[in-house]
Amino acid sequence: MTLRITTLIQYALATSIGRFSSDASLAHSHISKAVWLLVAASINVVRATSAVANHHGDIEEVIVQATRSNNRVQDQTTRVEVLPQGEVEEKMLMRPGNISTMLNETGGLRVQVTSPALGSANVRTYGMRGRYTQILADGLPLYGGQAASLGLLQIPPSDLRQVEVIKGAASALYGGQSLGGVINLVSKLPSEELEGELIVNATSRDGQDASAYVATPLSTRWSGSLLTTYNRQSAQDLDRDAWIDMSGYERVNLRPRLFYEASAGGNAYLTLGLMSENRRGGTTDDGLVPNGQPFPQNQDTQRFDVGLRVEQQLGPWGMAQRRASSTRQDHKHRFGSLIEEDRHETSLLEVSLAGDLDTTSWITGLAYQSDDYESGTFPAFDYDYDSPAMFAQIDQDLGENLSGAMSVRWDNHSAYGEQLSPRVSLQYRPSDWSFRGSWGRGFYAPTPFIEESEATGLSRVDPFAVLAAETAETLSFDVGYSSGSLQTTMTVFGSVIDDAVRLDAIDSDHVRLVNQIGKTKTWGVE
């Protein structure tokens, strides 16, 4: 039995404070001097009935799930950034309530605030807009289409084993919502013994976080885990101008998981998720905006999701895989006196076959994805996207130090027709050096939810008539060197987006969604 109890106290002292966002980890204020003190106390109680610890100092192999090939991270032709469990736990102690700090400190990613009043944020990959990055849980889209906004602040890190990041167009692997990249959150696996972890955190800004995780074997084949979290933050008007600088919120999460390991090498995984949050921003109780009226800016969110993954060994040549998930999110937004209510539903069905030969691994399959939005206030923005698809991927050793990977996906989108998304990667690894190049192309089906509209709601946005699908090509080249404990990598990356959607002003009170004329280009070095 293993029990770990961690108590955190975070204290902030600032001599000059400007305007904050609603979450301390995403504060975009101007702080001239700040001191953060972190006090952590850990209690470990361990009773071992078998020798499960590694006394030889061997490094555990990291197996990547996001590329579907299930190879070791060092054998991946497609570059994947992996945060192992040690780094995940380190970042969790800095911000135990959500994954924002963890992602913001990962190279090539940047967490950007989209609505300062509520602290909404998304993740920009290689400088591309956050709406192009898809967040998955164990390869399943359990956080729906809104994970890039407040959803980022509603995902607890307490039960994560590793985080996998694919940068650049990944539509060939996961469809149109992954035009900029994929972040796959991999959950912990139960061990052969009962284990648990309790984390309690408090901040000097009157914020509290508590999470409890327990995992246990249920039989020789079955095991399970349960995560419960409670997070709250009192609304803070730090500069006493009657406007809330750190929004207040209260959130609860519940996540049970069930695991099955078959004797023939197959496995199954089932999870359910429940989340409820009430978030408050805008003016304080006695605050007024220049027109003499209060302007509360609130959002209530309820989310329910279910996910299933089954893998069945078909003999020495391959494995059958089935994935399914469904997510429903209900929102109630308030912008002053205006209330917007809506519902988001996303679902996935997928079947595939995967196999390995001497120097080749491959996977091919069929998928069906749907994304449904219904507004109770502005039904003109309703949409219902359906997209059946076929996909294939092959990883091939081309020589002693040369390997290549190619994947392609064909989608038949209900609103934007046939879309072809290819991706190609090539890696050369002589001795301690590695050279890798990747090119990909993908698409994104436009919705009314872009970064600018999240801060103001849909009341000022005119219903869009006909928009073209956003398409992009991404290219990256990296050089790496590894010798002993020394590892270094430099990456040059770029993207070209056609028909990027933006807001265009009609008058002082109304805007509309339009496709950008020309190309949107981004280049950089990491």
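Just so you know, these numbers come straight off a predicted model, no measurement behind them.

Trainee: How would you summarise the overall build of the protein if you had to cite specific residues and measurements?
Mentor: Of regular secondary structure, the protein possesses four helices and 27 strands. The contacts of the protein with a sequence gap of at least 6 include a subset with a gap of at least 24, amounting to 63%. In the form shown here, the protein has an accessible surface area of approximately 23600 Å², with 56% of it arising from carbon and sulfur atoms.

Trainee: Which residues make up the side chain of Gln-297, and what values go with them?
Mentor: Considering the arrangement of structural elements, one finds Gln-297 in strand E14 (residues 296-313). In this structure Gln-297 comes out as buried when scored by relative accessible area, which is 5%. If near-sequence neighbours (up to four positions away) are discounted, Gln-297 is found in contact with Ser-115, Ala-117, Leu-118, Arg-280, Gly-281, Gly-282, Arg-334, Phe-335 and Ala-455.

Trainee: Can you break down the side chain of Ser-325 residue by residue, with the values?
Mentor: One can find Ser-325 in strand E15 (residues 318-335). Apart from residues no more than four positions distant in its own chain, Ser-325 is found in contact with Leu-140, Pro-141, Leu-142, Val-306, Gly-307, Thr-346, Ser-347 and Leu-348.

Trainee: Break down the sheet that holds strand E3 (residues 81-83) for me, with residues and values.
Mentor: Backbone-to-backbone hydrogen bonds pair the strands of a sheet. The strands run either parallel or antiparallel. An order of E3-E7-E8-E6 is seen for the four strands of this open sheet, with the pairing classed as mixed. Each of the sheet's edge strands pairs with one partner strand only, and the pair in question is E3 and strand E6 (133-137). Strand-to-strand, the axes of this sheet are offset by a mean angle of 15 degrees, without reference to chain direction. In the sheet, E6 pairs with strand E8 (residues 181-187) via five bridges, with the strands oriented parallel. Within E8, the residue paired with Leu-136 across the bridge is Asn-184. Contacts from helix H1 (residues 85-94) reach E3 and strand E7 (160-167) within the one sheet, and its direction differs from that of E7 by about 100 degrees.

Trainee: Outline the environment of Tyr-213, supporting the account with residue identities and numerical values.
Mentor: Residue placement: Tyr-213 occurs in strand E10 (residues 207-217). Look at Tyr-213 and you get buried, because its relative accessible area is 6%. Note: C-alpha distance between Tyr-213 and Ile-199 (14 residues apart in sequence) is 8.8 Å. Not counting chain neighbours up to four residues away, the residues in contact with Tyr-213 comprise Asp-159, Lys-188, Glu-195, Gly-196, Glu-197, Ser-225, Leu-226 and Leu-227.

Trainee: Which residues make up the pattern of salt bridges, and what are the values?
Mentor: Pairs can form between side chains of opposite charge once their charged atoms are near each other. Under the criterion given, the structure shown has 29 salt bridges. Linked through salt bridges whose partners overlap, the residues forming this network are Arg-328, Asp-330, Arg-343, Glu-345, Asp-372 and Glu-374.

How each quantity is defined
- Residues numbered from 1 in each chain as written.
- Predicted model: local features only at pLDDT ≥ 70, side-chain atom pairs only at ≥ 80, totals over all residues.
- Heavy atoms only, no water.
- Helix = DSSP H or I, 4+ residues; strand = E, 2+ residues; numbered from the N terminus.
- Contact = heavy atoms within 4.5 Å.
- Areas by Shrake-Rupley, 256 points an atom, 1.4 Å probe, with all protein chains shown as cover.
- Buried < 20%, exposed > 50% of the residue type's maximum accessible area, 1.4 Å probe, protein only.
- Pairing = 2+ DSSP bridges.
- Axes fitted to C-alpha atoms, helices over the stretch in contact; angles between N-to-C directions.
- Salt bridge = Lys/Arg side-chain N within 4 Å of Asp/Glu carboxyl O.

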